[in-house]
Amino acid sequence: MEQRNKIAIIVAGGSGSRMGSTIPKQFLELSGKPVLWHTVNAFVRAFSDIRIVLVLPEVHFGYVEPWLHEFSTTANVTLVKGGETRFHSVKNGLQEVKTPSVVFVHDGVRPLISTSLIHTCYEAALTKGIAIPVIDMKDSIRQVEGEENKAVDREQFKIIQTPQTFLSEWLLPAFELPYDPLFTDEATVVERQGHRVHLVPGEEANIKITRPLDLTIASALLKEKSV
């Protein structure tokens, strides 16, 4: 299989408001390390030659500088200032993509991403140009329209995860488009250019940490992994 440069753009712009914490959620402690440390470590473990681009508000650089040196012998990690929206933050990170690459765009608060899912996304992006991990919905859902609501078939819907993964020649031109509030993730930007979105199976454990309960669950899952 063709080999490509690998770049992980890890976006960590959250404020932690839903956590009820003064410390942004990506820097809260999880099994003795910051959440974001675990996220970076997952990609470093997946590929020895990966480059990490950490996109976060400049005022948060001080949170990561104390531990970045831990990766200096194994990975090239670059800090990039975030933008006004996720679209602008990812666009800033993409300035670091200088050669044909497979680009992973990942939430900084998804620290339990597995090596196997990272590899799956990489291989699918090589053949399809794009790989978006998804999981099934378990709960019944209803569509609300004004005062009315109706049951809908959950089989027709998927829950989107990251890393959203792309060939750079698909992703870079897409982010030259003017910003649109309808760009809810990277897939919607690339789709606007006429590319078909290819879905791959995600993982139940690849949770996004946004509330205190998520941190408790992540801690339990990490302990299970290390047993």
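Residues numbered from 1 in each chain as written. Predicted model: local features only at pLDDT ≥ 70, side-chain atom pairs only at ≥ 80, totals over all residues. Heavy atoms only, no water.

Novice: I'd like a description of the overall build of the chain, backed by residues and values.
Specialist: Helix and strand counts for the chain come out as seven helices and twelve strands. Its C-alpha radius of gyration of 18 Å places the chain within 12% of the 17 Å reference for a compact globule of 227 residues. In terms of its C-alpha atoms, the chain occupies a principal-axis envelope of roughly 55 × 40 × 35 Å. Long-range pairs, those at least 24 residues apart, make up 72% of the contacts in the chain with a sequence separation of at least 6. Surface exposure of the chain reaches about 11,600 Å², of which carbon and sulfur atoms provide 51%. Charge-centre separation for the chain: the mean point of 24 positive side chains lies 2 Å from the mean point of 27 negative side chains. (Helix = DSSP H or I, 4+ residues; strand = E, 2+ residues; numbered from the N terminus. Rg over C-alpha atoms; globule rule 2.2 N^0.38 Å. Contact = heavy atoms within 4.5 Å. Areas by Shrake-Rupley, 256 points an atom, 1.4 Å probe, with all protein chains shown as cover. Lys, Arg positive; Asp, Glu negative; His and termini not counted. Charge placed at Lys NZ, Arg CZ, Asp CG, Glu CD.)

Novice: Which residues make up the nonpolar core, and what are the values?
Specialist: Grouped together as the largest cluster of nonpolar side chains are 59 residues, with contacts concentrated most on Phe43, Ile52, Leu54, Trp67 and Phe104. Leu28, Val35, Val109 and Leu222 belong to the second largest nonpolar core, which has ten residues in total. (Core = buried A, V, L, I, M, F, W, Y, C linked by side-chain atoms within 4.5 Å. Buried < 20%, exposed > 50% of the residue type's maximum accessible area, 1.4 Å probe, protein only.)

Novice: Before we move on, could you go through the packing of helix H1 (residues 35-46) against helix H4 (residues 115-128) and cite the residues and values that matter?
Specialist: Axes are the key here: two packed helices are described by the angle between their axes and the distance separating the axes. Packing of H1 against H4 leaves a shortest axis separation of 9 Å and a crossing angle of 65 degrees. At the point where H1 passes H4, the crossing takes the right-handed sense. Judged by residue contacts, Ala42, Phe43 and Ala46 of H1 engage Thr115, Ile118 and His119 from H4. Residues that form the contact of H1 with H4 fall into these classes: four nonpolar, two polar and no charged. (Axes fitted to C-alpha atoms, helices over the stretch in contact; angles between N-to-C directions. Left-handed = near helix turned anticlockwise from the far one by under 90°. Nonpolar A, V, L, I, M, F, W, Y, C, P; charged D, E, K, R; others polar.)

Novice: Got a sec to walk through helix H7 (residues 212-226)? Specific residues and values, please.
Specialist: With 15 residues, H7 ought to run about 21 Å at 1.5 Å a step, and its terminal C-alpha atoms sit 22 Å apart, in line with that. Along H7, the residues that are buried comprise Asp214, Leu215, Ala218, Ser219 and Leu222. The buried residues of H7 occupy an angular sector of 140 degrees when the element is viewed end-on, so they sit on one face. Exposed positions of H7 whose direction lies more than 90 degrees from the buried face are Leu213, Thr216, Lys223 and Glu224. In this fold, the buried residues of H7 make contact with strand E2 (29-30) and H1. (Expected span 1.5 Å × (residues − 1). Arc of directions from axis to C-beta.)

Novice: Outline unusual backbone geometry, listing residues and values.
Specialist: Of the consecutive residues Thr162 and Pro163, the connecting peptide bond is found in the cis state with omega at 20 degrees. Along the chain, Pro163 turns up in the loop between strand E10 (158-160) and strand E11 (164-167). Located in the positive-phi region is Ser31, a residue other than glycine, with phi close to 50 degrees. Structurally, the position occupied by Ser31 is in the loop between E2 and strand E3 (33-34). A residue is classified by how much of its surface remains accessible, and Ser31, at 43% relative accessible area, is partly exposed.

Novice: Got a sec to walk through the environment of Glu169? Specific residues and values, please.
Specialist: Within the secondary structure layout, Glu169 lies in helix H5 (residues 168-174). Residue Glu169 is classed as partly exposed on the basis of its relative accessible area, which comes to 40%. When the C-alpha atoms of Glu169 and Pro100 are compared, they prove to be 6.9 Å apart, with 69 residues separating the residues in sequence. A distance of 2.7 Å separates polar atoms of two side chains, one belonging to Glu169 and the other to Arg4. (Polar contact = N/O pair within 3.5 Å; in protein donor to acceptor, adjacent residues only side chain to side chain.)

Novice: Summarise the pattern of salt bridges; cite the residues concerned and give the values.
Specialist: Counted according to the given criterion, the structure contains eleven salt bridges. Linking Glu70 and Lys33 is a salt bridge whose minimum nitrogen-to-oxygen distance equals 3.1 Å. Of the two residues, Glu70 is situated in the loop between helix H2 (61-68) and strand E5 (76-81) and Lys33 in strand E3; the sequence distance between them amounts to 37 residues. You can call Glu70 partly exposed: its relative accessible area is 34%. Given a relative accessible area of 27%, Lys33 falls into the partly exposed group. In this structure, the salt-bridge partner of Asp107 is Arg86, at a minimum N-O distance of 2.8 Å. Note that Asp107 is positioned in strand E6 (residues 101-107) and Arg86 in helix H3 (residues 86-94), a separation of 21 residues in sequence. (Salt bridge = Lys/Arg side-chain N within 4 Å of Asp/Glu carboxyl O.)

Novice: For the packing of aromatic side chains, give the residues involved together with the corresponding values.
Specialist: Inspection of the entire model under this criterion finds nine aromatic pairs. On the basis of an interplanar angle of 10 degrees and a centroid distance of 4.4 Å, the ring pair of Phe27 and Tyr63 is categorised as stacked. Here the residue Phe27 occupies a position in the loop between strand E1 (5-11) and E2, and Tyr63 occupies one in helix H2, the gap between them amounting to 36 residues. Here Phe27 falls in the buried class, since its relative accessible area comes to 9%. (Phe/Tyr/Trp six-rings, centres within 6.5 Å; stacked < 30°, edge-to-face > 60°.)

Geometric values such as these leave the question of function open.
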